[in-house]
Amino acid sequence: MSAANYLSSEDQFLCSICLDVFTDPVTTPCGHNFCKNCINEHWNTSDRCQCPMCTEVFNTKPDLRVNTFISEMVVQFRQSAQQKTSSSEQQESKPGEVPCDVCTGTKLKALKSCLVCLVSYCETHLEPHLTMSGLKRHQLIDPVENLEDRMCTKHDKPLELFCKTDQTCVCTLCPVLDHKMHDVVPLKEEYEGKKVELKKTEAEIQQMIQKRRVKIQEIKHSVDLSEEDADREKAEGVQVFTDLKESVERGLNELIKTIEEKKKTTEKQAEAFIKELEQEISELMKRSTEVVQLSLSEDHLHLLQSVQSSNIHHPPPTKDWTKVSVPPSHEGTVVRAVSQLEETLSKEIKKLLEAELKRIQKFAVDVTLDPDTANPSLILSDDGKQVHSGNVLKLLPDNPERFSLNPCVLGTQSFSSEKFYFEVQVKRKCDWDLGVARESINRKGNTSLSPKNGYWTICLRNGNEYRAAAGPSVLLSLKSRPQKVGVFVDYEEGLVSFYDVDAAALIYSFTGCSFTEKLFPYFSPGGRNSAPLIISPVGVN
């Protein structure tokens, strides 16, 4: 067998265990060849030493050594395979790839382009540039098209410099002739500088990408939370309406049962009256018969004696039926049933509001009063948690943030996203304003409170008149006087809600608001009494 034919048979060099070309080939006493690691691992995991090919069993594990002849043949085989692979990589150039400029007929794919020769070469035609000393000094780059674009159109020389003044590539003659006194540097220097700039730009872009990925995660998290909230709301809604439906059905059944029972009672009472009346009628008819028979008697003595010896002139004892009646007994039954249903509904609403208040209290924030915004007539506590009206205007700097006319103050903290909640104690107050205000409100004029002017507030006037400053104001009907007011804002949803914390009741909500600026908590203690507005820790009575 010739060496060429031998080398061409790949099966000759495959290990029957790993089915790959031999690595450190060894020969067993029975004459079969395997990779050294393969046969050792095979025997280590087997109960006995046995040839995987012919199953010959060896009493003792053979001392295997690398078969140098086969090992050399494997090396030759690998080299031959690599040469074939390298040869097969000489592919015909495809659309979009740079073809060899030297190839005639079928154009092979170029491996390099020479900036001196301005020619692109395939692997075969590139060989002189890799071996000949004169050509080795030529500058080779990855293959590019239109090499003439790398030549100066005026001087027909390679573009090797960069004019920073004109921001263009130039040849070595350009600084002498056309770019005198310009800031000219080698292409490599400008290249390195641009690479640094590009690296910085790439880092900035990656940072922007990362921020957007984080924002995507935030949005996805918000969607997940929204889905959880929606599922919870649906579950609670289904439960509430199921309970209400059962309550209505139960109330209806009880109403029908009550009406039926009253109907039966009325019927029984009527039956008893009728029975008693029929009995009296029977007695009266009996007496009537006696009177008729006696009146027909022609025996004078007998008639007179019978009349005198009996009470025939007097009717039998009977009841006075004048005021006896069976009046309708169903009046008010439906009204009472509906009132009871209304009471049940009120209890369910209260339970829902209590649950809602607990949920929004999770968004509690720490709010303190900003002394730089306080009107000079107001007195703030040292901890920034209380404010009340004073009798004397303090001399304070008239900075842009300060309210000059309205007796109010803003919170130090601002909010421009998500949700937040805070509580304010309003005990013993007969006038106050509470809510939120946008950053750009007019702080120097006497501006009315309304969403149009940047305020979302509710207020108390004259000790008993509660209003929402909705522009025009809305009179509020409250069942009790709030002692502590909770303020909740959902910035994205455009919602501002006020709660009576102790009663767990909703006071008023501004909905459909469009927030585009920072929002600040807003407080005005009024001037009718000295009791303070107190920012209270959430959950503390």
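Rules behind the numbers
Residues numbered from 1 in each chain as written. Predicted model: local features only at pLDDT ≥ 70, side-chain atom pairs only at ≥ 80, totals over all residues. Heavy atoms only, no water. Pairing = 2+ DSSP bridges. Helix = DSSP H or I, 4+ residues; strand = E, 2+ residues; numbered from the N terminus. Buried < 20%, exposed > 50% of the residue type's maximum accessible area, 1.4 Å probe, protein only. Core = buried A, V, L, I, M, F, W, Y, C linked by side-chain atoms within 4.5 Å. Contact = heavy atoms within 4.5 Å. Axes fitted to C-alpha atoms, helices over the stretch in contact; angles between N-to-C directions.

*Asks:* Explain the sheet that holds strand S18 (residues 474–476) residue by residue, including any values.
*Replies:* Pairing is antiparallel in the open sheet, where six strands are placed in the order S13-S22-S15-S16-S17-S18. Whereas interior strands pair on both sides, the edge strands pair on one side only; in this sheet they are strand S13 (409–410) and S18. Bridge count for S13 against strand S22 (residues 519–524) is two bridges, and the pairing is antiparallel. Counted as the bridge partner of Val409 is Phe523 from S22.

*Asks:* Please provide a residue-by-residue account of unusual backbone geometry, values included.
*Replies:* Of the consecutive residues Gly471 and Pro472, the connecting peptide bond is found in the cis state with omega at 5°. Tracing the chain through its elements places Pro472 in the loop between strand S17 (465–468) and S18. The residue Thr55 is not glycine, and still its phi comes out positive at about 65°. Overall, the relative accessible area of 45% leaves Thr55 in the partly exposed class. Despite not being glycine, Gln167 shows a phi value in the positive range, around 55°. Along the chain, the position of Gln167 falls in the loop between strand S8 (161–163) and strand S9 (168–170).

*Asks:* Give a description of the nonpolar core that names residues and reports values.
*Replies:* Residues Trp432 and Phe523 are the most contacted members of the largest nonpolar core, which totals 34 residues. With sequence-adjacent residues up to four places away left out, Trp432 is seen in contact with Val426, Ile458, Cys459, Leu460, Arg461, Tyr466, Val485, Ser524, Pro525 and Leu533.

*Asks:* Could you give an account of the sheet that holds strand S10 (residues 184–186), naming the residues involved and the relevant values?
*Replies:* Either a parallel or an antiparallel arrangement is found when strands of a sheet pair, and the pairing is made through backbone hydrogen bonds. A sheet is described by the order of its strands in space; here three strands give the open sequence S9-S8-S10, paired in antiparallel fashion. The sheet is open, and its two borders are formed by S9 and S10, each paired with just one other strand. Pairwise comparison of adjacent strand axes, ignoring direction, gives a mean angle of 35° for this sheet. Relative to S10, S8 is paired through three bridges, and the arrangement is antiparallel. Residue pairing across strands places Leu161 opposite Pro186, the latter belonging to S10. Docked against the sheet, helix H7 (residues 187–295) engages S8, S9 and S10, running at close to 85° with respect to S10.

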